[in-house]
Amino acid sequence: MKATIAVLSGDGIGPEVTSQAILVLQKIASKYGHEFTFNEAPMGGIAIDQFGDACPESTVKTCEQSDAILLGAVGGPKWSDPSAAVRPEQGLLKVRKHFELFANLRPVKTYAALNQHVPLRPEFLEGVDMVFVRELTGGLYFGPRQDQGDGDTAYDTEIYTVAEVERVAHVAFRAAQSRRKKVTSVDKANVMASSRLWRRTVTKVHEDYPDVELEHVLADACTMYLITRPASFDVILASNMFGDLLSDEASVLGGSLGMSPSASLGAGTFGLYEPIHGSAPDIAGQGKANPTGTILSSAMLLRYTLGLETEAKAIEAAIDATLASGARTADIVTRGDAYISTTEYTQTVLSNL
Ligand code: NAD
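Residues numbered from 1 in each chain as written. Predicted model: local features only at pLDDT ≥ 70, side-chain atom pairs only at ≥ 80, totals over all residues. Heavy atoms only, no water.

So, about the overall build of the protein. Summing up its helical and strand segments, the protein has 12 helices and 12 strands in all. Along the first, second and third principal axes, the C-alpha set of the protein runs to 50 × 50 × 45 Å. Counting the 353 residues in the protein, one finds 54% classified as buried. Sequence-distant contacts, at least 24 apart, represent 76% of the contacts inside the protein between residues at least 6 apart. If you sum the accessible surface of the protein, you get close to 15100 Å²; carbon and sulfur atoms cover 53% of it. (Helix = DSSP H or I, 4+ residues; strand = E, 2+ residues; numbered from the N terminus. Buried < 20%, exposed > 50% of the residue type's maximum accessible area, 1.4 Å probe, protein only. Contact = heavy atoms within 4.5 Å. Areas by Shrake-Rupley, 256 points an atom, 1.4 Å probe, with all protein chains shown as cover.)

What follows is the structure, given as structure tokens:
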């Protein structure tokens, strides 16, 4: 198979982790007979420095000419003034909107080898393997908002349409069909009108998927269940805001922010793949970045954009084997223990492939 991948490395540790994922994809290409072309384009702070725009038109064009985007991270102290007219994260929002990437998938899995880094007892962590499907282009983060400017009143508005909920619900049910066949839909239907529409619509879409079990859970209860019974979840479907909060909470179960991948998908096969962490300016340039989240994001790219399930599983198995062999980057060692560099860790992953 031939595929073109736009690489938006971004800032801080972004280039350190995307370069490692490219090595893994190149190894997959040679092992399984594929041809992947990587086209780099500026995004985030680096693009602001060069073009005065966090995502210049040339970058959008590179993405349009590609099958998928692999992104590192954007931002850093140099561009962190919240009142600046141009900010790194605007690039990310622009790409999500431009390609209508309305569904954000975030898998959360525990690794026995890393349980000591998780603030829960090991017996709670056994068998944890869930994926969040978060609505990404609607809801509270995109509704009308105003700071009244009188120093007294401000508001944000959550608006959802049936069509917006339906399309993301289909993504969740389809994901569940290839997993353990259970969807947990999160809302606050006891309080919010938009949540009642959400619950009604998800219940209706469920009729198309009789092989999948559906449970509705209130968002506040879900925060508890993620701690008390995390292994009971398979696919968690949530609005933009609830999904944002709950998936960050759940990512702790994976042992480190550096471990978690994500995919943002639209109606077709095009997708944006990135680790969930930021640009980590505190460790940039020191060879301490954990590339696992980005490498696992590249596995999601193979799975969801290119339909290469065997190759995606091979990468995931190589990560499992790497951790089982004791290889550790700086973020997943107990204080004082030895660790290896970003590139040494990737070499172990490559040899496990
Ligand atoms: P961060 O995720 O960059 O870092 C939080 C902590 O986790 C830091 O101590 C960092 O060293 C560590 N960490 C993160 N990724 C790691 C990795 N792969 N390996 C090892 N350790 C890792 O969050 P932050 O410090 O709040 O934000 C830094 C910058 O990143 C800010 O400018 C923020 O706006 C930006 N940011 C970008 C994205 C994105 O591009 N999607 C997401 C979050 C934050």
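Burial analysis of strand 8 (residues 182-187) places 6 of its 6 residues in the buried class, the great majority of the element. Burial of strand 8 is two-sided: the residues Lys 182, Thr 184 and Val 186 facing one way and the residues Val 183, Ser 185 and Asp 187 facing the other way are all buried. Across 6 bridges, strand 8 lies against strand 9 (residues 213-218) in parallel orientation. Along strand 9, the bridge assignment pairs Thr 184 with Glu 215. Regarding the hand of the β-α-β motif, the stretch spanning strand 8, helix 7 (residues 193-206) and strand 9 is right-handed. One ladder, built from 3 bridges, connects strand 8 with strand 10 (residues 235-238); its direction is parallel. Among the inter-strand pairings, Thr 184 is bridged to a residue of strand 10, identified as Ile 236. (Pairing = 2+ DSSP bridges. Right-handed = clockwise from strand over helix to strand, strands pointing away.)

The next point concerns the sheet that holds strand 3 (residues 68-73). Taken together, the 10 strands give an open sheet; going across it, the order is 2-1-3-12-11-4-5-10-8-9, and neighbouring strands pair in mixed fashion. A strand with exactly one partner marks an edge of an open sheet, and here the two such strands are strand 2 (35-40) and strand 9. Strand after strand, the sheet turns through a mean of 25 degrees between neighbouring axes, direction not considered. Pairing geometry for strand 1 (residues 2-10) and strand 2, over 6 bridges, is parallel. Opposite Ala 6, over in strand 2, you have Asn 39 as the bridge partner. (Axes fitted to C-alpha atoms, helices over the stretch in contact; angles between N-to-C directions.)

Taken as a whole, the protein is organised into domain 1 (1-101 + 256-353) and domain 2 (119-254). Contact with domain 1, which involves 10 residues of that partner, is made by 6 residues of domain 2. Interface area, domain 1 with domain 2, both sides summed: about 740 Å², of which 56% is carbon and sulfur. Put simply, domain 1 and domain 2 have 1 salt bridge between them. (Domains from an automatic or database assignment. Buried area = accessible area lost by both parts, 1.4 Å probe. Salt bridge = Lys/Arg side-chain N within 4 Å of Asp/Glu carboxyl O.)

The subject of this paragraph is unusual backbone geometry. For Glu 100, which is not glycine, the phi torsion reads 50 degrees and is therefore positive. Residues other than glycine seldom take positive phi values, yet Ala 280 does so here, at roughly 40 degrees. In this structure, Ala 280 sits in the loop between strand 12 (271-275) and helix 10 (292-304).

Take the environment of Ser 351 next. Considering the arrangement of structural elements, one finds Ser 351 in helix 12 (residues 342-352). For Ser 351, a relative accessible area of 59% translates into the label exposed.

Turning our eyes to something else, we now look at the nonpolar core. Core analysis: the largest hydrophobic core is formed by 63 residues, its most contacted members being Phe 36, Leu 105, Phe 173, Leu 237 and Leu 302. Each of two domains, domain 1 (1-101 + 256-353) and domain 2 (119-254), supplies a minimum of three residues to this core. If near-sequence neighbours (up to four positions away) are discounted, Leu 302 is found in contact with Leu 25, Ile 28, Phe 36, Gly 307, Leu 308, Glu 311, Ala 312 and Ile 315. One finds Val 108, Val 118, Leu 120 and Met 130 within the second-largest nonpolar core, a separate group that totals 20 residues. (Core = buried A, V, L, I, M, F, W, Y, C linked by side-chain atoms within 4.5 Å.)

The next point concerns helix 8 (residues 219-228). Burial in helix 8 covers these residues: Ala 219, Ala 221, Cys 222 and Leu 226. Here the buried residues of helix 8 occupy an arc of 145 degrees about the axis, which is enough to place them on one side. Its buried side turned inward, helix 8 meets strand 5 (129-135), strand 8, strand 9, strand 10 and helix 9 (240-251). (Arc of directions from axis to C-beta.)

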